Amino acid sequence: MNGLARALLEYHERSKHRVNGYAPGPMGLDWATQPDPFRVFDGAPRIGLPLAADSLATRYDELRRGVLPPAQRFDISTLAILFELSLGLSAWKSYGAQRWALRCNPSSGNLHPTEGYLLCPALSGVPGGVHHYLSRDHVLEHRATVDDPQWDEAFRDSGVLVGITSIHWREAWKYGMRAWRYCQHDCGHVIAALSYAAAALGWQTRLVEAAGDDVVTNLLGLNRDEDFFAGEAEVADALLWIGAPELLPDLERMRTALNQAKWHGSANPLSPGHVTWPDIDSIQRATYKSCTPEPTSLHLEPRPLPAMPALDLGFAGIARQRRSAVNFDATTRITDSAFFSMLACLLARSDTPPWNALTSLAEVHPVLLVHRVDGLEPGLYVLVRDPGALPALRQSMRPEWLWQKTGPDHLPLYLLLPYDLRGAAKLICCHQDIAADSCFALGMLARFEIALKQPWRYRHLFWECGMLGQALYLEAEAAGLSATGIGCFFDDEMHGLLGVQNHTWQSLYHFTIGGAVADPRLSAFPPYEVQP
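Remember, predicted model here, so these are calculated numbers, not experimental data.

**Q** Quick question: what am I supposed to make of the pairing of strand β20 (residues 482-486) here?
**A** The side chains of a regular strand alternate between the sheet's two faces. Of all five residues in β20, four are buried; the element is thus mostly enclosed. Of the strand pairs in this sheet, β20 and strand β21 (residues 505-514) are connected by five bridges, and their pairing is antiparallel. Its bridge partner being in β21, Thr484 is matched across the sheet by Thr512.

Structure, rendered in structure tokens:
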């Protein structure tokens, strides 16, 4: 094991919550230093975006079945819809004197460490260059003006790029060492949210996996230390190509053109004080990604389409109504057909969001603790998203598991243990009732060994978990239910339940779906002022 892999493994083990002790974190919340959830580049020219999402006719069920509308042109109106339904605000809520924003993309603790950037050629209503999306005001901040014709030529008239970054301090303020994990989850949520929103406009999405961290850093201007405050740096996460999937942009020409760019604005201070978490810096260095060869296109076997959900909702509506439930009622049940339809949407299909964004096989497999699904025995199940992983999963778990094929023939769902696991679910999820009061809970078991061979893939495993979470959020809403991502769980308690004894597989994220209990003390308000 090389030095990077050892550093990765050390962080992974030290950042685990355990029954006898939680991962290192702040001893209490210093409200005076809570980071501002909105990054603003003061002095950068602003481009106001129209609130155009209500003009979108695309239905959610069409997207989950891979039926995309004709591709719309790239202009200020369509890009406004893309950002409004992925990174935009979905509502404001208040309790007493407190007021906070909700967004279409979920985040641990509603802290939102993720920022989004648009890189585009000159378009109708949007000048070419690098733009930061400010969700609070639904505007683009024009960070870099590029006059070199190579810039526009690099896009080949076939799409735009969206950059995703993280500000670790926003999460570390509350969660300490484990915050880096949550930033990666949030990146996965955003990748999926962008993929769904792009598909609603008829566009395909691809993760530009070949790009190294230095390339993305330079393209987004994150290397301009003079524009950022100490302790509040942004780091490059991912670069997404939105447009014609067979014709990716020329990143090298873009970098050359940026040499003569004029940059605008400087980042606002987010917090008057900061706490340094060296372990976060260490894992960020260990998972640094250099440029790699462009992966070959992934051709997946055709899969049967999922059944129609209970609610036939427009995509704009479901994207904005997504919420993280705080409590479940412990009585709501769902049918087995609805459950199977949800799981079918977690299987990768190359033409269907959010999985059209990826170029690799599924490496994360949900292990389900089923509580209240009519027609299905309570117990422990696993959805094997890549059939090729079945032998390795069976070898890594308890030899006494049943591995009984369950559900429709096309669904790779296996019953391991028929048993009431509500108590186990609650224990594993840091003693939280929400894991037991749901219809079902799940842990996301990732092929961890690939990260020990290529440490940058540790990040990608978390992203895949976040993408699964975003798909489950939307599926829950379409079923008339609610969902919640759970970052607080006892990693090794889950491994002990399954019989996992080494680092071939590790659980990286937990999730639960059920009937939400509304909090009548909260008041809700529209996300943006209505435009005339």
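**Q** Would you mind going over the sheet that holds strand β18 (residues 413-418) with me for this structure?
**A** Across a sheet, paired strands are connected by hydrogen bonds in the backbone, their directions being either parallel or antiparallel. Pairing is antiparallel across the open sheet formed by seven strands, whose spatial order is β17-β18-β16-β14-β19-β21-β20. Two strands lie at the open edges of the sheet, namely β17 (404-406) and β20, each paired on one side alone. With strand direction ignored, the average angle separating the axes of adjacent strands in the sheet is 30°. Here three bridges tie β17 to β18, and the two strands are oriented antiparallel to one another. Bridge pairing links Thr406 to Leu413 in β18. Sitting on the sheet, helix α16 (residues 491-498) touches β14 (364-370), β16 (379-383), β19 (440-447) and β21, and the angle it makes with β21 is about 95°.

**Q** Honestly, the sheet that holds strand β22 (residues 523-525) in this entry has me stumped. Any pointers?
**A** If you trace the three strands from one edge of the open sheet to the other, you get β4-β3-β22, paired in antiparallel fashion. Looking at the sheet topology across the chains shown, the edges are occupied by β4 (98-103) and β22. Looking at each pair of strands side by side, their axes are set apart by 30° on average, direction ignored.

**Q** How should I be thinking about the state of the cysteines in this particular structure?
**A** One way to say it: the disulfide is the covalent bond shared by the sulfur atoms of two cysteines. Per the counting criterion, the structure on display carries one disulfide. Here Cys183 stays unpaired: no disulfide links it, and the sulfur of Cys187, its closest cysteine neighbor, is 9.5 Å away. Free cysteine Cys439: the closest other cysteine sulfur is in Cys429, separated by 15 Å.

**Q** Looking at this model, I keep getting lost on the packing of aromatic side chains. Mind explaining?
**A** The relative placement of two aromatic rings is captured by the distance of their centres and the angle of their planes. Overall, the coordinates contain 20 aromatic pairs when judged by the stated rule. Relative to Phe490, the ring of Tyr22 lies with its centre 5.6 Å away and its plane at 55°, an arrangement referred to as tilted. Here Phe490 lies in the loop between β20 and α16 and Tyr22 lies in the loop between α1 (3-14) and β1 (41-42), a separation of 468 residues in the sequence. By relative accessible area, which is 45% here, Tyr22 ends up partly exposed. Overall, the relative accessible area of 1% leaves Phe490 in the buried class. Here the aromatic rings of Trp180 and Tyr458 are separated by 5.5 Å at their centres, their planes lie at 20°, and the arrangement is stacked. With Trp180 in helix α6 (residues 179-200) and Tyr458 in helix α15 (residues 457-478), this residue pair connects regions lying 278 residues apart in the sequence. Each member of the aromatic cluster is reached from another via a ring pair, and the members are Tyr11, Trp180, Phe448, Tyr458 and Phe462.

**Q** Teacher, can you tell me more about the nonpolar core here?
**A** Generally speaking, nonpolar side chains in soluble globular proteins are found buried as a group. Counting 115 residues, the largest nonpolar core has Leu82, Phe315, Phe339, Leu368 and Phe440 as its most contacted members. Sort the elements by how many residues they give to this core and α15 lands first, with 13 residues. Contacts of Phe440, omitting those with residues within four sequence positions, involve Ile334, Phe339, Met342, Leu368, Leu369, Val370, His371, Thr512 and Ile513.

**Q** Please clarify how the pairing of strand β3 (residues 89-95) should be interpreted in this entry.
**A** Across the seven residues of β3, five count as buried, placing the element largely inside the fold. Pairing of β3 with β4 involves six bridges; the strand directions are antiparallel. Bridged to Trp92 within β4 is Ala101. Here β3 folds back onto β4, and the loop between the two strands holds two residues, one of which, Gly96, carries a positive phi near 65°.

**Q** Hey, could you run me through the packing of helix α5 (residues 168-175) against α6 in this one?
**A** Helix-helix packing is characterised by the crossing angle of the two axes and by the distance between the axes. At a minimum axis separation of 8 Å, α5 and α6 run at an interaxial angle of 130°. The angle between the axes of α5 and α6 places the two elements in the oblique class. The chirality of how α5 crosses α6 is right-handed. Contacts from His168, Glu171, Ala172 and Tyr175 in α5 reach Ala179, Trp180, Tyr182, Cys183, Gln184 and Asp186 in α6.

**Q** So what exactly am I meant to see when it comes to unusual backbone geometry here?
**A** Negative phi values dominate among residues other than glycine, just as trans dominates among peptide bonds. Between Pro353 and the following residue, Pro354, the backbone shows a cis peptide bond with an omega angle of 0°. Relative to the helices and strands, Pro354 resides in the loop between α11 (336-344) and β14. Despite not being glycine, His431 shows a phi value in the positive range, around 65°. Here His431 lies in the loop between α13 (422-428) and β19.

Reading the values: the criteria
Residues numbered from 1 in each chain as written. Predicted model: local features only at pLDDT ≥ 70, side-chain atom pairs only at ≥ 80, totals over all residues. Heavy atoms only, no water. Buried < 20%, exposed > 50% of the residue type's maximum accessible area, 1.4 Å probe, protein only. Helix = DSSP H or I, 4+ residues; strand = E, 2+ residues; numbered from the N terminus. Pairing = 2+ DSSP bridges. Axes fitted to C-alpha atoms, helices over the stretch in contact; angles between N-to-C directions. Contact = heavy atoms within 4.5 Å. Disulfide = S-S within 2.5 Å. Phe/Tyr/Trp six-rings, centres within 6.5 Å; stacked < 30°, edge-to-face > 60°. Core = buried A, V, L, I, M, F, W, Y, C linked by side-chain atoms within 4.5 Å. Parallel < 35°, antiparallel > 145°, perpendicular 65-115°, else oblique. Left-handed = near helix turned anticlockwise from the far one by under 90°.

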